[in-house]
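# Structure at a glance
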Amino acid sequence: MPSEVLLKIFSCLDAVSLLAVGCVNKRFYELANDNGVWLKLYSSSLQPKWTIWKMKSKQTETVSLGCAAIHDKKPGYWKKEYIFKQTSAFKTRVMRLVKFLDPYTGLPCKNKEAMKVSGLCWIIVLKDKNGKEHIVEKPNLSFKDTSVTVLWYGTDWPCLDILSTLKLFGVTPLLPNQRIPPSKNGPRRFSLIAEYHLANLTENNVAVGADELVHLFSLSPGLLVGIWKEKNEIAFVMANLHYNQLLERSILGSATVQYVPPPNKPLLDDIDSEYGLHDYSLHLDLHGRNCMYLCGSFKCLFCRKRDIENGYLRLRVVNLKDNRKHLPIIGTLGICWETDVFKGNVKDCFVMDLTLLDETGKPFWCFSAPVRMELSAKSSGLYDYMGHIYTADYSDSEGKVCLEFVWLEETKEYIIVSLVLYVSTKKQATLPQQETQ
């Protein structure tokens, strides 16, 4: 077929179809990059509204501008310009939704609407030692106040012994159209959220717990991998994604480079020289994917400068000696999982969603991660509670969380009797650190 006829046909296609046609062969790729075809798309979709009703008076100018724009530019120029303008407008539209904050948590409250507008989904890419990639899509989503839990499962996972890395991506249509659902086979944009190393997974990572069928292993940040006991193969993968900067990380990164948010430094406040931090607040959720165990907010947190030691700043949220602030846990702690055939609940572990806000109400330290409980050797020294003591600790580069529970056999419930945050002084760049050892 003559190229002139093909170009005429291509000029009737929309942008997504034109990109798909360009993947057929080399000749179609060169024709689908034609500046005349893409300039027509660029002009029709992105020109100012006033040019629509003044088209007749501007017609001669537009034609002459079009000729110059076609012949003076390299092939594919207007294709790149069209995609750049469309993606910029798309990101602006989505980021506008992120500005709506929940006064309760200080986090974006229109995440579901933003996901619908953007066509956002999450996938994982497993890479074996030979370089072959295996893509796993269509996860189950479970939304909470401050996080979303993403669960992938199936029957055709690659053998665990040959896997080297796992990459978590946010995926959006390259050219989203709100009027039609995104096509699975259409062009998509990948944004790398995290990369995990799977070599020696069971030896190099934290064992969270187990039931009759699976072992759970935690990979930082926020990933949980279920391994079948009988076959030593992957049963499921669970990602816990905190809402803080979630849309930015899922959209604004690239296929190889993660989005890096700007640093959030605390305000320098010397009103009272005895205090290191003023008026911080905490929102804490404990859940097991399908069930909520605790949802609490704590206001007016502070610390004195003498609480800064060993590279950490201590914020005591629940005091062991103040039983008025002790918190009961609803239900039996555990993480629910499922596959195509089986379901289960691994006990004595949970997912912790922590959101620490500074005095201006902005997120300062946030994470969502699985945490395991351990029986402590010490006995309860509290007269109000007679029972076994359990501890649950979490740590990353930004800080540590230490929890203590008491198990009440009579009422079959846990009580949180101590909750302490240790924030790394490396995050506190503006705090005086002369007392830090």
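As the structure is a prediction and not an experimental result, all values here were calculated from the model.

For the rest of this paragraph, the subject is the sheet that holds strand E5 (residues 163–173). If you walk across this open sheet you meet the four strands as E2-E1-E5-E6, and the pairing is antiparallel. Pairing within the sheet leaves two strands with one partner each, and these edge strands are strand E2 (133–136) and strand E6 (188–197). Along the sheet, successive strands turn relative to each other by an average axial angle of 25°, direction set aside. Two elements, E5 and E6, share nine bridges in a ladder whose sense is antiparallel. The residue bridging Val171 from the neighbouring strand is Phe190, located in E6.

Looking now at the environment of Asn345. Its location among the elements puts Asn345 in strand E17 (residues 343–347). On a C-alpha basis, the gap between Asn345 and Gly334 in space is 6.0 Å, while along the polypeptide they are 11 residues apart. The residues contacting Asn345, other than those within four sequence positions of it, are Asp211, Gly334, Ile335, Cys336 and Trp337.

With that out of the way, let us pick up the layout of surface pockets. The space that makes up the largest pocket amounts to roughly 1400 Å³. What lines the largest pocket is a set of 45 residues, among which Asn244, Gln245, Pro261, Cys366 and Glu398 lie closest to the centre. Among the elements of the structure, helix H7 (77–98), E6, strand E10 (234–242), helix H10 (246–251), strand E19 (363–372) and strand E21 (388–396) are those that each provide at least two residues to the lining of the largest pocket. In terms of residue count, the dominant contributor to the lining of the largest pocket is E19 (seven residues). A per-class count over the lining of the largest pocket returns 25 nonpolar, 11 polar and nine charged.

With an omega dihedral of 5°, the bond running from Ser220 to Pro221 counts as a cis peptide bond. Phi at Asn232 is positive, roughly 55°, even though this residue is not glycine. Position of Asn232 among the secondary structure elements: in the loop between strand E9 (223–228) and E10. Notably, Lys412 is not glycine yet its phi reads approximately 55°, a positive angle.

Our focus in this paragraph is the pairing of strand E18 (residues 349–357). By the criterion of burial, E18 is predominantly enclosed, with nine of the nine residues buried. In E18, alternate side chains face the same way, and those of Cys349, Val351, Asp353, Thr355 and Leu357 on one face and Phe350, Met352, Leu354 and Leu356 on the other are all buried. Summarising the sheet, E18 and E19 pair through nine bridges and their orientation is antiparallel. From the neighbouring strand, Cys349 faces E19, where its bridge partner is Arg372. Connecting E18 to the next strand, E19, in antiparallel fashion are five residues, including Gly361 with a positive phi near 85°.

This paragraph deals with the side chain of Thr339. Checked against the element boundaries, Thr339 lands in the loop between strand E16 (334–338) and E17. Each residue touching Thr339, except ones within four places of it in the same chain, is listed here: Tyr153, Trp228, Ala235 and Phe236.

Spatially, six strands are ordered E3-E4-E10-E9-E8-E7 in an open sheet, and the strand pairing comes out antiparallel. The open sheet has two edge strands with one neighbour each: strand E3 (140–143) and strand E7 (206–210). Sheet twist, expressed as the average angle between the axes of neighbouring strands with direction ignored, equals 20°. Pairing between strand E4 (residues 147–153) and E10: seven bridges, direction antiparallel. Considered in E10, the bridge of Tyr153 is made with Phe236.

A contiguous nonpolar patch, built from Met1, Val5 and Ile9 and spanning about 280 Å² of accessible area, is present on the exposed surface. As for its placement among the helices and strands, Val5 is situated in helix H1 (residues 3–10).

This brings us to the environment of Asn240. Positionally, Asn240 belongs in strand E10. Each C-alpha atom of the pair Asn240 and Arg289 lies 9.1 Å from the other, and the pair is 49 residues apart in sequence. When near neighbours in sequence (up to four residues on either side) are disregarded, Asn240 contacts Val148, Thr149, Gly222, Val351, Ser368, Ala369 and Pro370. Of the polar contacts made by the side chain of Asn240, one reaches the side chain of Thr149; its length is 3.4 Å.

Another aspect to go through is the packing of aromatic side chains. Throughout the structure, instances matching the rule amount to 15 aromatic pairs. Measuring from centroid to centroid gives 5.5 Å for Phe169 and Phe190, while their planes differ by 85°, and the two rings are edge-to-face. Of this pair, Phe169 sits in strand E5 while Phe190 sits in strand E6, placing them 21 residues apart in sequence. In this structure Phe169 comes out as buried when scored by relative accessible area, which is 6%. Site record: aromatic cluster; members linked through ring pairs are Phe350, Tyr390, Phe405, Trp407 and Tyr414. If you follow Lys400 out to its NZ or CZ, it ends over the ring of Tyr312, 4.6 Å from the centre.

Conventions and cut-offs
Residues numbered from 1 in each chain as written. Predicted model: local features only at pLDDT ≥ 70, side-chain atom pairs only at ≥ 80, totals over all residues. Heavy atoms only, no water. Pairing = 2+ DSSP bridges. Helix = DSSP H or I, 4+ residues; strand = E, 2+ residues; numbered from the N terminus. Axes fitted to C-alpha atoms, helices over the stretch in contact; angles between N-to-C directions. Contact = heavy atoms within 4.5 Å. 1 Å grid on protein atoms, 1.4 Å probe; cavity = no way out; pocket = protein on both sides within 12 Å on 5 of 7 lines; lining within 4 Å. Points joined across faces, edges and corners; volume = space filled by probe spheres on them. Nonpolar A, V, L, I, M, F, W, Y, C, P; charged D, E, K, R; others polar. Buried < 20%, exposed > 50% of the residue type's maximum accessible area, 1.4 Å probe, protein only. Patch = residues over 30% accessible without salt bridge, like charges linked within 9 Å, V, L, I, M, F, W, Y side chains within 5 Å. Areas by Shrake-Rupley, 256 points an atom, 1.4 Å probe, with all protein chains shown as cover. Salt bridge = Lys/Arg side-chain N within 4 Å of Asp/Glu carboxyl O. Polar contact = N/O pair within 3.5 Å; in protein donor to acceptor, adjacent residues only side chain to side chain. Phe/Tyr/Trp six-rings, centres within 6.5 Å; stacked < 30°, edge-to-face > 60°. Lys NZ or Arg CZ within 6 Å of the ring centre and 35° of its normal.

Shape descriptors only; they carry no functional weight alone.
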